[in-house]
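Architecture and fold: a report
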Amino acid sequence: MQNVSLLAMAGLFALQSATGAISQDSKRPAIHLPKHEARLAYAVQTVSVRAGCFPVRLRAILSHIATKTGRRPIVTSGLRPHPSRHGSLHGKCLAADIRVPGLSERTIIAAARTAPGIGGIGSYCNGIIHVDVGPQRRWVDC
């Protein structure tokens, strides 16, 4: 059973590396996670989620949420090359839709509100939270 867990963790690490979510950017802000977890401040839900293009500011917001909640956000949507809404920041890779298993939407939003550089914060009926680095605004889409 322990071997299965280790294999799963190795697979997740390889998946995250392959998506480009891990950056060698020396300007990346420091986060307060244990050293072995610092590069893994967020995870992607599936291989098809495009998060490798996230700018430093958006990665810092996700890291802040991880630090405040003690749990890594899971990015369910990042870059959308052809967004359904005109002007969507997902089309510019400046937004992420996330969930944090085991935490309420209220807790995730509270952590996001305190993130330096946060722009929009939205919540959807399915429990997904939107965060971006655009202008400050808030919404509930239910």
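Above this text you will find the structure in question.
Residues numbered from 1 in each chain as written. Predicted model: local features only at pLDDT ≥ 70, side-chain atom pairs only at ≥ 80, totals over all residues. Heavy atoms only, no water.

Looking now at the nonpolar core. Counting 24 residues, the largest nonpolar core has Phe 54, Val 75, Ile 98 and Val 131 as its most contacted members. Secondary structure elements with two or more residues in this core: helix 2 (56-69), strand 3 (95-99), helix 3 (105-113) and strand 5 (129-132). Residues contacting Val 131, with those up to four places away along its chain left out, are Leu 58, Ile 61, Leu 62, Ile 65, Leu 94, Ala 95, Ala 96, Ala 112, Ile 118 and Gly 120. (Core = buried A, V, L, I, M, F, W, Y, C linked by side-chain atoms within 4.5 Å. Buried < 20%, exposed > 50% of the residue type's maximum accessible area, 1.4 Å probe, protein only. Helix = DSSP H or I, 4+ residues; strand = E, 2+ residues; numbered from the N terminus. Contact = heavy atoms within 4.5 Å.)

Here we take up the sheet that holds strand 1 (residues 43-44). The six strands lie next to each other as 1-2-3-5-4-6, forming an open sheet whose pairing is mixed. Each edge of the sheet is formed by a strand with only one pairing partner; in this case those strands are strand 1 and strand 6 (137-141). In this sheet, strand 5 lies alongside strand 3 in antiparallel orientation, the contact comprising four bridges. Counted as the bridge partner of Asp 97 is His 130 from strand 5. Docked against the sheet, helix 2 engages strand 2 (74-77), strand 3 and strand 5, running at close to 135° with respect to strand 5. (Pairing = 2+ DSSP bridges. Axes fitted to C-alpha atoms, helices over the stretch in contact; angles between N-to-C directions.)

Within strand 3, four of the five residues are buried, which leaves the element mostly enclosed by the surrounding structure. Sheet analysis places strand 2 next to strand 3, joined by three bridges and oriented antiparallel. Counted as the bridge partner of Ile 74 is Arg 99 from strand 3.

Right, let's talk about the packing of helix 2 against helix 3 for a bit. The interhelical angle for the contact between helix 2 and helix 3, taken along N-to-C directions, is 120°, at an axis separation of 9 Å. In terms of their interaxial angle, helix 2 and helix 3 are classed as oblique. The interaxial crossing formed by helix 2 with helix 3 has right-handed handedness. Side by side, helix 2 and helix 3 meet where His 64, Ile 65, Lys 68 and Thr 69 of the first sit next to Thr 107, Ala 111 and Ala 112 of the second. Partitioning the contact of helix 2 with helix 3 into residue classes produces three nonpolar, three polar and one charged. (Parallel < 35°, antiparallel > 145°, perpendicular 65-115°, else oblique. Left-handed = near helix turned anticlockwise from the far one by under 90°. Nonpolar A, V, L, I, M, F, W, Y, C, P; charged D, E, K, R; others polar.)

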